[in-house]
Amino acid sequence: MSKTHLGHVARKRFGQNFLHDTHVIDQIVAAINPQPGQALIEIGPGLAALTEPVADQAGHLQVVELDRDLADRLEHHPFLSSKLTVHRGDALKTDFKEFYNGQKLRVFGNLPYNISTPLMFHLLSQLEIIEDMHFMLQKEVVDRLAAEPGNKTYGRISVSVQQCCEVIPVLEVPPGAFNPPPKVDSAVVRLVPYADPPNPVHCRKTLHSICLTAFNQRRKTIRNTMKTILTEADFVTLNIDPNARPETLSVADYCRIANWHYEQTEK
């Protein structure tokens, strides 16, 4: 199948795979359920497969597009240009607070695989202004987001995201729904930030740092991976088995460690 779609060549460096399956598009738009007056932001609108139906239902949305050719196309689109505000730039470097005017943002997009994890962490740092997020990702990334302790896909991003968001897998999407078809299955996930997280933390950066240390050597015991942070006495205080492996600790366990560490270092 040609990698040219509607006159645009998919660019490998941008990780572009364009969605074209109308049934899948309808399902995603139904999951987002855009309404007029909402503050909708699309990351990487590409060839506007999701942009058109969302703009039709919402009346207006803002989009962040890195590819200048695609940004030009959107700004001169015969039907869409009046319904869009196009921001040219890298979503990873975008301060989403600039889109906030008192109404929480609804963020969505078919994310390039190469930026999905760093972008997720970038958005986690701005959650206070976000109502919800709907993302198309590699299925294995969605599996990691939703993974439970004891599962081999459970890791740093599982803990970091589940601490602050409800994670709801929406649908799976086969490679044939895209042009060019990716080599992996995709899936759509809904992330809804908690108003009151079940496991609150003093500092999310501390939690992310603790998770990075713990999962860096996931085959080792927590005693070994956390030896620069926790003493034997600390494990007893925190009621954590030092012989456990990182993937067996719960989100609550990691939040307890992060809060304790924050309290020790901030004294």
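Please read all numbers here as calculations on a predicted model, not as lab measurements.

Caption draft 1: Structural view of the domain arrangement of the protein chain. Domain boundaries in the protein chain define domain 1 (4-193) and domain 2 (204-266). Using only C-alpha atoms to locate each centre, domain 1 and domain 2 end up separated by 32 Å. Taken together, the contact between domain 1 and domain 2 spans 15 residues of the former and 15 residues of the latter. Between domain 1 and domain 2 lies a buried interface of about 1200 Å² when both sides are counted; carbon and sulfur atoms form 66% of it. Considering only the surface of domain 1 that becomes buried against domain 2, Y154, R156 and V159 emerge as the three largest contributors, covering 42% of it. At the boundary of domain 1 with domain 2, the tally comes to zero salt bridges. The tally of links between domain 1 and domain 2 comes to six residue pairs in polar contact (both at pLDDT 80 or more). Put simply, the parts of the chain that give the side of domain 1 that touches domain 2 at least two residues each are α4 (116-124) and α6 (156-164). Per element, the largest residue contribution to the side of domain 1 that touches domain 2 is six residues, and it comes from α6.

Caption draft 2: Fine view of the pattern of salt bridges. Counted under the stated rule, the structure contains 10 salt bridges. A salt bridge links D56 to K83, with the shortest nitrogen-to-oxygen separation between them at 2.8 Å. Placement of the pair is D56 in helix α2 (residues 51-58) and K83 in the loop between α3 (68-75) and β6 (84-88), with a sequence separation of 27 residues. Look at D56 and you get exposed, because its relative accessible area is 54%. Its salt-bridge partner being E232, residue R223 comes within 2.6 Å of it at the nearest N-O pair. What emerges from the salt-bridge pattern is a single network uniting D72, E75 and R88.

Caption draft 3: Looking closely at the packing of aromatic side chains. Under the definition given, this model contains three aromatic pairs. Centre to centre, the rings of F96 and F99 are 5.6 Å apart; their planes meet at 70°, and the pair counts as edge-to-face. An identical accessibility class is assigned to F96 and F99; each is buried. Each ring, one from F215 and one from Y254, has its centre 5.4 Å from the other, and the planes form 35°; the classification is tilted. Placement of the pair is F215 in helix α7 (residues 204-215) and Y254 in helix α10 (residues 251-266), with a sequence separation of 39 residues. Grouping residues by exposure puts F215 and Y254 together as buried. Joined through ring pairs, the aromatic side chains of Y154, F215 and Y254 make up one cluster.

Caption draft 4: Region of the structure containing the packing of α6 against α7. Taken N-terminus to C-terminus, the directions of α6 and α7 make an angle of 155°; their axes are 9 Å apart at the nearest point. If you check the angle between α6 and α7, you find them roughly antiparallel. Note on packing geometry: the crossing formed by α6 with α7 is right-handed. On α7, the residues touching R156, V159, S160, Q163 and C164 of α6 are R204, L207, H208, C211, L212 and F215. Residue classes in the contact of α6 with α7 are distributed as six nonpolar, three polar and two charged.

Caption draft 5: Structural view of the UniProt feature "binding site: S-adenosyl-L-methionine" (unreviewed entry) in the protein chain. In the numbering used here, UniProt assigns the "binding site: S-adenosyl-L-methionine" (unreviewed entry) feature to N17, L19, G44, E65, D90 and N110. Tracing the backbone through its elements, the reader meets L19 in strand β3 (residues 18-19). For L19, a relative accessible area of 7% translates into the label buried. Its location among the elements puts E65 in strand β5 (residues 61-65). Contacts of E65, omitting those with residues within four sequence positions, involve G44, P45, G46, L70, A71, H87, R88 and G89. From its side chain, E65 meets the backbone nitrogen of D67 in a polar contact 2.9 Å long.

Caption draft 6: Focus on the environment of P180. Looking at the element boundaries, P180 is found in the loop between β10 (178-179) and β11 (186-193). Residue P180 is classed as buried on the basis of its relative accessible area of 12%.

Caption draft 7: Broad picture of the packing of α6 against α10. Following both chains from N to C, one finds α6 and α10 inclined at 85°, their axes separated by 10 Å at the closest point. In terms of orientation, α6 and α10 fall into the roughly perpendicular class. When α6 is examined against α10, the residues V159, Q162 and Q163 are found in contact with a partner set consisting of V251, Y254 and C255.

What counts, and at which threshold
Residues numbered from 1 in each chain as written. Predicted model: local features only at pLDDT ≥ 70, side-chain atom pairs only at ≥ 80, totals over all residues. Heavy atoms only, no water. Domains from an automatic or database assignment. Contact = heavy atoms within 4.5 Å. Buried area = accessible area lost by both parts, 1.4 Å probe. Salt bridge = Lys/Arg side-chain N within 4 Å of Asp/Glu carboxyl O. Polar contact = N/O pair within 3.5 Å; in protein donor to acceptor, adjacent residues only side chain to side chain. Helix = DSSP H or I, 4+ residues; strand = E, 2+ residues; numbered from the N terminus. Buried < 20%, exposed > 50% of the residue type's maximum accessible area, 1.4 Å probe, protein only. Phe/Tyr/Trp six-rings, centres within 6.5 Å; stacked < 30°, edge-to-face > 60°. Axes fitted to C-alpha atoms, helices over the stretch in contact; angles between N-to-C directions. Parallel < 35°, antiparallel > 145°, perpendicular 65-115°, else oblique. Left-handed = near helix turned anticlockwise from the far one by under 90°. Nonpolar A, V, L, I, M, F, W, Y, C, P; charged D, E, K, R; others polar. UniProt positions renumbered as here; feature names shortened; annotations may be inferred.

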